[in-house]
Amino acid sequence: MKVAWAGSREAFQVSDRMAKLVANDPVFEKFSKPMLGRKELFKNTLRKAAYAWKLINDLRLTEEEAKWLRHYIDEPNYTDLHWEMFVPAIEGQGTKEQKKKWLPLAQTMQIIGTYAQTELGHGSNVQGLETTATFDRQTDEFVMHSPTLTSSKWWPGGMAKVATHAIVYARLIIDGLFHGVHGFIVQLRSLEDHSPLPGLTLGDIGMKFGHGTYNTMDNGVLRFDHVRIPRNQMLMRVSQVTKEGKYAQSDVPRQLLYGTMVSVRQTIVADASKALSRAVCIATRYSVVRRQFGSRNGGPETQVIDYKTQQSRLFPLLASAYAFRFVGEWLKSLYIDVKQRLEANDFSTLPETHACTAGLKALTTAATADGIEECRKLCGGHGYLISSGLPELFAFYVPACSYEGENVVMMLQVARFLVKTVSNLGYKQPVGTAAYLGRVTPLLQNNCAVQTAEDWLNPDAILEAFEARAARMVIGCGERLAMFENPEEGFAELSIDLVEASLAHCQLITVSVFIQKLNHEIPGNGVKRSLEVLCYVYALFLLHKHQGDFLATGYLTPKQASLANEQLRTLYSKVRPNAIAFVDSFNHMDHYLCSVLGRYDGNVYPKLYEAAWKDPLNDSDIVDGIQQYVQPILKQKLHYAKL
Ligand SMILES: CCCCCCC/C=C/C(=O)SCCNC(=O)CCNC(=O)[C@H](O)C(C)(C)COP(=O)(O)OP(=O)(O)OC[C@H]1O[C@@H](n2cnc3c(N)ncnc32)[C@H](O)[C@@H]1OP(=O)(O)O
Ligand SMILES: Cc1cc2nc3c(=O)[nH]c(=O)nc-3n(C[C@H](O)[C@H](O)[C@H](O)COP(=O)(O)OP(=O)(O)OC[C@H]3O[C@@H](n4cnc5c(N)ncnc54)[C@H](O)[C@@H]3O)c2cc1C
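Note that this is a predicted model, so its numbers are computed, not measured.

Calculation criteria
Numbering of residues starts from 1 in each chain and follows the order in which that chain's sequence is written. Going through the entries in the order they are written, you letter the chains from A and number the ligands from 1. In keeping with the predicted nature of the model, local features appear solely for residues at pLDDT of at least 70, side-chain atom pairs appear and are counted solely at 80 or more, and the whole-chain, interface and lining totals rest on all residues. Hydrogens and water are ignored here; the side-chain numbers use all heavy atoms of the structure. Any two cysteine sulfur atoms within 2.5 Å of one another count as a disulfide. For the exposure calls, accessible area comes from a 1.4 Å probe over protein chains only, and a residue counts as buried if that area is under 20% of its type's maximum, exposed if over 50%, partly exposed in between. Definition of nearness: a residue and a molecule or strand are near each other if at least one heavy atom of the residue lies within 4 Å of the molecule or strand. Whenever two N or O atoms come within 3.5 Å, that pair is a polar contact, provided that in protein one can donate a hydrogen and the other can accept it, and provided that, for residues adjacent in sequence, both atoms are side-chain atoms. Residue exposure ignores everything except the shown protein chains as possible cover, and the areas themselves are Shrake-Rupley values with a 1.4 Å probe. Note on conventions: DSSP H or I runs of at least 4 residues are helices, E runs of at least 2 residues are strands, and numbering of each starts at the N terminus. Classification used: nonpolar for Ala, Val, Leu, Ile, Met, Phe, Trp, Tyr, Cys and Pro, charged for Asp, Glu, Lys and Arg, polar for all others including Gly. If DSSP finds at least two bridges between two strands, the strands pair. We place a 1 Å grid over just the protein atoms. Points where a 1.4 Å probe fits but has no way out form a cavity, open points with protein on both sides within 12 Å along at least 5 of 7 lines form a pocket, and any residue with an atom within 4 Å of a point lines it. Grid points are joined across faces, edges and corners, and a volume is the space filled by probe spheres set on the points. Here, expected helix span is obtained from the residue count minus one, scaled by 1.5 Å. The contact criterion used is simple: two residues touch if any of their non-hydrogen atoms lie within 4.5 Å. pLDDT is a residue-level measure of predictor confidence that goes from 0 to 100. Residue ranges assigned to the domains are those given by an automatic or database domain assignment. Throughout, an axis means a line fitted to C-alpha atoms (over the contacting stretch in the case of helices), and angles, computed between N-to-C directions, take values from 0 to 180 degrees. Orientation is classified from the angle alone, with under 35 degrees giving roughly parallel, over 145 giving roughly antiparallel, 65 to 115 giving roughly perpendicular, and any other angle giving oblique. Two parts placed together each lose some accessible area under a 1.4 Å probe, and the buried area is that loss summed for both.

1. Observations regarding the state of the cysteines
Consideration 1: Going through the model one piece at a time under the given rule, you end up with 0 disulfides.
Consideration 2: In this structure Cys506 is a free cysteine whose sulfur lies 7.5 Å from that of Cys356, the closest cysteine sulfur available.
Consideration 3: The class for Cys506 is buried, based on a relative accessible area of 1%.

Below you can see the structure in the form of structure tokens.
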């Protein structure tokens, strides 16, 4: 099962080796993080990042190993933006000459980069950005400027204190004419003494949600006061500006300017299963240790995992972790394929890849953030302790619902793609993840054939149900949209339904990828049979949760919906004996989990007790402040104290 989770034996070995490397090195200790003040926390992160870079070089780690190393260090920091956004932006949007100049510098970290797109006034609406890049023909330069307060760059990670360079997105202006938003490579700090370059105002935007997690990152603010950069620092694969000031566009579609976001959204989907599996591992292990009620004849009380209600909250999350792992793996292959095509100037699959990365990013991050919080509740009161590992995990994870494309905004992008696909149905056969929309006639006409709860244990029945639900919702939106004279107005008016239809489409992708995985790629029959159970749990849980859609579209009868729920209950009993094996298969080490409740050895109570004594408040019996503020109250003799 560990190999099935990792994707291959080699992938398992690489991640396992890196997990152990980090866990066994005292530099990467992290239990004390929540006790540190911001400055100490930040310096600690800089120290770890520098040490990690040294290890990567000394041990000559591969790119894959280096990624796992950074992952297990488990601290957001400037290197995330450098490797995940700055480098890919140059790779995707730079010309050959630009790549030749900048990539070697970035890949050896002689420069450190960030991705400066969002502003105080605009994040989602990239076309609304206000920073300007005005071409000066006289000097062959662009003048970068922040004309308003709301044009201040706001949020870029690593920008406040570390990054030496940034890809800055700004409105290109030539001779007073606006040519859309483009990316520019801008140096922010001196490579000699690290001070901000003249004309730049740089700082940190302040503390963020949680304590010891995202505050390790220096998200920054940046303002330009007529800062000049050479013309050849505009990323020019998509459009070019000549020294005469002529603006030209290549055959490459403009959407490629958004290419870095496709790349990162893909990574975010892959990462969702890591975060969810971590929370599920903690909650499952603790649910086996924790006992409440049900003691008979003085025997032990019931393990809370044996309560059906606990199972109905926990096991769908366990199944979702596996579903997200497999859909992440699938999305990665889709992305690798599109990347190769884009390099060869084949842009045909970009719209579908954009819809998949945007939609799956929204689906997986929303479910993971909610899932982590549910795991915290599944651990009862102790889940609220920092030492459970869950509050910090939630604080670290939840911004994924907003960054890299706010989730609702992303679902509306999927809706655009689906509406376009449906309106082209007469003359363009849909392919890939939208292929089912080419079979609308049977999907709209046939109804579910399930008669018993057992009938739901059939991948074809499940797939058809999810296809029919999505197709009916998408077609329904298409029909209602057609009634509007102005399509944009119609889109805005129907946006709630469109987001729901997009979610149905994305859930269909996750369910079908899970089924596909079982049919083709699982090593060993025992593993396959166990994963089949999780696959049914995932699908039937979604069907139960969204039964309103399945009933309202007329595909299911209430009786069939209730048979699905009956089957789901039976499936929970099949998951129970393997629950611990399922979470052990994630191969999360105690260091990575950083949770007393999720310990591999289950030794929860003594370690919880021990952890409490490490709190600084327990350094002495009478702490600072007691004599000054509490004792005077105890000793005062006020009139109303007698009441
Ligand atoms: C794992 C590592 C962790 C790293 C840490 C992460 C830290 C966080 C970093 C960040 O958050 S960086 C900033 C991220 N910002 C965003 O994600 C902004 C979201 N907004 C957008 O992407 C766009 O503004 C929009 C919502 C897509 C709207 O764009 P636009 O105004 O141009 O409108 P449309 O008319 O909707 O689109 C035009 C056209 O382009 C297609 N398209 C849009 N995006 C993409 C894309 N990424 N790739 C390919 N194509 C894209 C869209 O479908 C339209 O196509 P047509 O319908 O005209 O064919
Ligand atoms: C931790 C963190 C790190 C970040 N790192 C970076 C970084 O490194 N570089 C960078 O450039 N940016 C970064 N960002 C910024 C991030 O990309 C934006 O915050 C994100 O894209 C969301 O945009 P917004 O803040 O403008 O949200 P808004 O768009 O203002 O969202 C507010 C609300 O409006 C709704 N809404 C917006 N538009 C629509 C619409 N068309 N239809 C319906 N509803 C709508 C949204 O659903 C949401 O409910 C980071 C953000 C965070 C939280």
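2. Thoughts on the site of ligand 1
Consideration 1: Lining the immediate environment of ligand 1, one finds 25 residues, of which Ser124, Tyr258, Glu404, Gly405 and Lys420 sit closest.
Consideration 2: A distance of 3.3 Å separates an oxygen atom of ligand 1 from a polar atom in the backbone of Val126.
Consideration 3: At a separation of 2.6 Å, an oxygen atom of ligand 1 approaches a polar side-chain atom of Lys420.
Consideration 4: Across the complex, the protein chains shield 81% of the 1,200 Å² of accessible surface that ligand 1 would expose by itself.
Consideration 5: The greatest single-element share of the shell around ligand 1, amounting to 5 residues, is contributed by helix α7 (residues 259–289).
Consideration 6: A breakdown of the residues in the shell around ligand 1 according to their chemical character gives 9 nonpolar, 10 polar and 6 charged.

3. Points about the sheet that holds strand β4 (residues 153–154)
Consideration 1: Spatially, 3 strands are ordered β4-β8-β7 in an open sheet, and the strand pairing comes out antiparallel. The sheet terminates laterally at β4 and β7 (200–204), the two strands that pair on one side only.
Consideration 2: Sheet topology places β4 next to strand β8 (residues 220–224); 2 bridges connect them, and they run antiparallel. Residue pairing in the sheet places Trp154 in a bridge with Val221 of β8.

4. Re the layout of surface pockets
Consideration 1: Considering only enclosed or pocket space, the second largest pocket measures out at about 730 Å³ in volume.
Consideration 2: Around the second largest pocket sit 30 residues that line it, and Phe31, Pro34, Ile386, Ser387 and Cys594 are the ones nearest its centre.
Consideration 3: Those elements that provide at least two residues to the lining of the second largest pocket are α10 (390–397), α20 (590–593) and α21 (604–612).
Consideration 4: The element best represented in the lining of the second largest pocket is α21, accounting for 5 residues.
Consideration 5: Of the residues that constitute the lining of the second largest pocket, the class distribution is 14 nonpolar, 5 polar and 11 charged.

5. Side note on helix α18 (residues 558–575)
Consideration 1: Counted at 1.5 Å a residue, the expected span for α18 with its 18 residues is 26 Å, and the 26 Å between its end C-alpha atoms agrees.
Consideration 2: Taken residue by residue, α18 has Gln560, Ala561, Leu563, Ala564, Gln567, Leu568, Leu571, Tyr572 and Val575 as its buried positions.
Consideration 3: Elements in contact with the buried residues of α18: α8 (308–343), α16 (525–545), α17 (547–552) and α19 (579–584).

6. So, the confidence of the model for the protein
Consideration 1: Looking at the protein as a whole, the pLDDT averages 96, with 99% of positions reaching at least 70.
Consideration 2: Taken over the whole predicted complex, pTM reads 0.97, whereas the ipTM for its chain interfaces reads 0.99.

7. Focus on the site of ligand 2
Consideration 1: Ligand 2 sits among 20 residues. The nearest are Tyr115, Gln117, Thr118, Ser124 and Glu406.
Consideration 2: In the environment of ligand 2, an oxygen atom lies 3.0 Å from a nitrogen or oxygen atom belonging to the backbone of Gln117.
Consideration 3: Take Glu406: an N or O atom from its side chain is 2.5 Å from an oxygen atom of ligand 2.
Consideration 4: Across the complex, the protein chains shield 62% of the 970 Å² of accessible surface that ligand 2 would expose by itself.
Consideration 5: Of the residues forming the shell around ligand 2, the biggest block, 3 residues, is contributed by helix α11 (residues 407–423).
Consideration 6: Grouping the constituent residues of the shell around ligand 2 by class yields 10 nonpolar, 8 polar and 2 charged.
Consideration 7: Lining the shell around ligand 2 are residues from two domains, each supplying at least three of them: domain 1 (89–250) and domain 2 (259–584).

8. Focus: the environment of Arg376
Consideration 1: Tracing the backbone shows Arg376 in helix α9 (residues 350–378).
Consideration 2: In the structure, Arg376 is positioned 17 residues away from Leu393 in sequence and 9.9 Å away in space, judged by C-alpha atoms.

9. Some details on the packing of α8 against α18
Consideration 1: Closest axis-to-axis distance for the α8/α18 pair is 10 Å, and the angle between their directions is 80°. As summarised for this structure, α8 and α18 are arranged roughly perpendicular, according to the angle between their axes. Residue-level contacts link Lys308, Gln311, Ser312, Phe315, Pro316 and Leu318 of α8 to Arg569, Tyr572, Ser573 and Val575 of α18.

10. What about the domain arrangement of the protein?
Consideration 1: For the protein, the assigned domains are domain 1 (89–250) and domain 2 (259–584).
Consideration 2: Between the C-alpha centres of domain 1 and domain 2 there is a distance of 36 Å.
Consideration 3: Contact with domain 1, which involves 14 residues of that partner, is made by 17 residues of domain 2.
Consideration 4: Together, the buried faces of domain 1 and domain 2 total about 1,000 Å²; carbon and sulfur atoms form 57% of this surface.
Consideration 5: Where domain 1 packs against domain 2, one counts 3 residue pairs in polar contact (both at pLDDT 80 or more).
Consideration 6: Looking at the side of domain 1 that touches domain 2, the element that brings in the most residues is helix α5 (residues 78–93), giving 3 residues.

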